[in-house]
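# Observations on the model geometry
So the chains spell out like this:
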Amino acid sequence: MRNETGATTQIPLRKIIALFALGSCALLNIYATQPILPDIARQFGVSLGASTWTISASTLGVAVAAPLAGAISDRFGRKHIMVIALIGLIVTTASCALAWSFAALFSLRFAQGLLVPFIFTAALAYIAEEWSGRAATTINGVYVAGTAFGGFCGRFLAGAAAALTGWLSTFLVFAVLLSFVLALAVFCLPTERHFKPSPSLSESLKSVIKGAQDWRLLATCFIGASLLFQQVTSFTYLSLRLGAPPFSLTSLEVGTLFVVFLLPVLVTPFFGRLIGRIGRTQAFLLSQIAGIVGIVLTLPLYLPSIVVGLALSCMAVFAGQSCATGYTARHAKTGRSAATGLYLTCYYLGGSVGAVAPAPFFARYGWLGCAALICLVALASAALARAAWQEMVN
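Residues numbered from 1 in each chain as written. Predicted model: local features only at pLDDT ≥ 70, side-chain atom pairs only at ≥ 80, totals over all residues. Heavy atoms only, no water.

### Observations concerning the overall build of the chain
Counting its regular elements, the chain contains 17 helices and 0 strands. Since a compact globule built from 394 residues should have a radius of gyration of about 21 Å, the 20 Å found for the chain is in line with a globular shape. With respect to the three principal axes, the spread of C-alpha positions in the chain is 60 × 45 × 35 Å. Taken over 394 residues, the chain has a buried fraction of 57%. Both charge centroids of the chain, one from 24 positive and one from 10 negative side chains, sit 5 Å from each other. (Helix = DSSP H or I, 4+ residues; strand = E, 2+ residues; numbered from the N terminus. Rg over C-alpha atoms; globule rule 2.2 N^0.38 Å. Buried < 20%, exposed > 50% of the residue type's maximum accessible area, 1.4 Å probe, protein only. Lys, Arg positive; Asp, Glu negative; His and termini not counted. Charge placed at Lys NZ, Arg CZ, Asp CG, Glu CD.)

Below, the structure is given as C-alpha cells:
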C-alpha cells in the first residue's frame, strides 16, 4: 500500500484474493440465466424470447443504479458499502429460487442488477485510493481478471447446477458463493485509509453531472461501451453462425466456447504490468490491434481458427477494460465512484446495443458484416483513447 513517499510495498495475497473475488461476483449473476432460459420459459409458460428479459432485467438494473451507486460510495465510503451490497445480493439471489411467477423473477433479477454497481464502483475507487503507481495498475488488472472469471462461472455453473439438481438450484449455488465473497471482503480487506468523503450526497450527485461534462471521461465511457459492444456482438452472432450450416453445432457445443473467458483471468493481471511499463494508451492500442486480428481469424470456415480468434478477441476486450477502468479511477481526482458509475452505465448500454444493433448487418451480410462492424468500433475506440489519454502515463 502507499507509504509516506508514495512508493508501493508488496501486496498481501489475501487482499489480492479478496479483490479478485469481488470482481468475480460483479459479473457472476448478470448472465446467470443465459444457460437456463428454456427451463425458465417452461416453468412460467412464457416464450423463449420473453425469458431473455431475465438477462436484460439485471443489465438494466446495473445501468440505472451505477451513477447513484457511485455517488453514495463517494459520500459514505468503500468497504462497508461493498459489504452491504453483498448482503443484499445474497438475499436477492437466494430469493430467485423462490420466485412464484415470471414477474417476480424479473423483479428480483432487476434488484440484483441494482446492487451490482455498489460493489463495482466502490471496489475500483478503493483500489485507486489504497494503492499507487504500478501496484494500483496491477491490482486493477487482478480485479478485471476477476470479472472475466465471474463471467465464465456465471454461465458455466448455472448450466451445471441446472443439469444436476434443477434450474432453481442455480440461484442457491450462487448465494453460497457470494457468502464466501462476503467473508473475504469482511476479513481480508481493511477499511479504507485514504478515502475522503464528499461533503454531502448532493455534492456526490453533482460529481456525476460534472463527470458528464468532462470530455476525457466521456470519451473513456464510449471506449468502455465499445468494449462490451465488441464482446456481446462477437459471442452472440458467432454463436448463431456456428449453430447454422456448415458448422451446425449443438447448443452445448456452442456453450463450451465460453471457456475462453478463462484466458483473460490468466492474461489480464500481466497486462496490468504492461500498462505500467509502456503506458496506458500504447497498451490499449495493442489490445485493440490484437482484438482486430482475432476477429479476422474468425472469418474462415475453419473451426479451430474461429476458436483461436474468439479467444484472442475476448482477451483483448478484458485487456482494454483494464486500461479504461484504471484510467477512469485515476483521472477522477474527486468523485471517483461517481465517475466509475457513469462509466459502468455506458459500458452496459454498449453491451445492450451490441446485442441488437448488428442484427441487420448479420441478416444482410452474415458474420462478415458483424466482423467489419466490430473492427470499425475497435479502430474508433483506439483513436479516441489516443486523443483522450495523452496526459496520463499509466
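### Looking at a nonpolar patch on the surface
The grouping of Ile278, Leu286, Ile289, Val293, Leu297 and Val308 at the surface amounts to a nonpolar patch, some 490 Å² of accessible area in total. Looking at the nonpolar patch, the element that brings in the most residues is helix H13 (residues 280–297), giving 4 residues. If you trace the backbone, Ile289 turns up in helix H13. (Patch = residues over 30% accessible without salt bridge, like charges linked within 9 Å, V, L, I, M, F, W, Y side chains within 5 Å. Areas by Shrake-Rupley, 256 points an atom, 1.4 Å probe, with all protein chains shown as cover. Salt bridge = Lys/Arg side-chain N within 4 Å of Asp/Glu carboxyl O.)

### Observations concerning helix H2 (residues 37–44)
Buried within H2 we find Leu37, Ile40, Ala41 and Phe44. Buried residues of H2, viewed axially, fall in a sector of 100°; they line one side. Positive backbone phi, at 65°, marks Gly45, one or two positions downstream of H2. (Arc of directions from axis to C-beta.)

### A word on the packing of aromatic side chains
Under the definition given, this model contains 9 aromatic pairs. Each ring, one from Phe120 and one from Tyr143, has its centre 5.7 Å from the other, and the planes form 75°; the classification is edge-to-face. Pair noted here: Phe120 is in helix H6 (residues 102–130) and Tyr143 is in helix H7 (residues 133–165), with a separation of 23 residues, a long-range link. Aromatic rings pair up to connect Phe284, Tyr327 and Trp389 into one cluster. (Phe/Tyr/Trp six-rings, centres within 6.5 Å; stacked < 30°, edge-to-face > 60°.)

### With respect to the environment of Phe270
With respect to the helices, strands and loops of the structure, Phe270 is situated in helix H12 (residues 262–278). When the C-alpha positions of Phe270 and Gly141 are compared, they lie 7.5 Å apart, and in sequence the two are 129 residues distant.

### Here's the deal with the confidence of the model for the chain
Across the chain, the average pLDDT comes to 84, with 92% of residues at 70 or higher. Ranking the helices and strands of the chain by mean pLDDT puts H13 first, with 96, and helix H11 (residues 251–255) last, with 67. Ignoring residues within four places in sequence, the model shows residues 1–8, a span with pLDDT below 50, making 18 contacts including any to other chains. (pLDDT = per-residue confidence, 0-100. Contact = heavy atoms within 4.5 Å.)

### Overview of the side chain of Thr281
Relative to the helices and strands, Thr281 is located in helix H13. Judged by its relative accessible area of 11%, Thr281 is buried. When sequence neighbours within four positions are dropped, the list of residues in contact with Thr281 reads Ala385, Arg386 and Trp389.

### Things to note about H6
Relative to the 42 Å expected for 29 residues at 1.5 Å per residue, H6 spans 43 Å between its end C-alpha atoms, a close match to the ideal helical length. With respect to burial, H6 is a largely interior element, 23 of its 29 residues being buried. (Expected span 1.5 Å × (residues − 1).)

### Brief notes about the pattern of salt bridges
According to the stated counting rule, one finds 3 salt bridges in the structure shown. Across the pair Arg78 and Asp74 runs a salt bridge whose closest N-O atoms are separated by 3.0 Å. Judged by its relative accessible area of 2%, Arg78 is buried. Between Arg78 and Glu129 there is a salt bridge, with the nearest N and O atoms lying 2.6 Å from each other. With Arg78 in the loop between helix H4 (53–76) and helix H5 (79–96) and Glu129 in helix H6, this residue pair connects regions lying 51 residues apart in the sequence. Neither residue differs from the other here; Arg78 and Glu129 are each classed as buried.

### With respect to unusual backbone geometry
Residue Pro246 follows Pro245 across a cis peptide bond; omega there is 10°. Positionally, Pro246 belongs in the loop between helix H10 (215–243) and H11.

### Topic: the nonpolar core
One recurring pattern in soluble globular proteins: nonpolar side chains tend to sit buried together. Among the nonpolar cores identified, the biggest contains 103 residues, and Leu22, Leu86, Trp131, Tyr348 and Trp389 are the most heavily contacted of them. Broken down by element, this core gets its largest block of residues, 11 residues, from H10. Contacts of Leu22, omitting those with residues within four sequence positions, involve Met82, Leu86, Ile119, Tyr143, Val181, Ala185 and Leu189. One finds Phe44, Ala97, Ala104 and Phe171 within the second-largest nonpolar core, a separate group that totals 13 residues. (Core = buried A, V, L, I, M, F, W, Y, C linked by side-chain atoms within 4.5 Å.)

### Focus: the packing of H4 against helix H15 (residues 336–356)
With their axes 6 Å apart at the nearest point, H4 and H15 run at an angle of 170° to one another. The angle between H4 and H15 places the two elements in the roughly antiparallel class. On the side of H4, the interface is formed by Thr59, Val62, Ala63, Ala66, Pro67, Gly70, Ala71, Ser73 and Asp74, while H15 contributes Arg336, Ser337, Ala338, Gly341, Leu342, Leu344, Thr345, Tyr348 and Leu349. Within the contact of H4 with H15, the residues separate by chemical class into 10 nonpolar, 6 polar and 2 charged. (Axes fitted to C-alpha atoms, helices over the stretch in contact; angles between N-to-C directions. Parallel < 35°, antiparallel > 145°, perpendicular 65-115°, else oblique. Nonpolar A, V, L, I, M, F, W, Y, C, P; charged D, E, K, R; others polar.)

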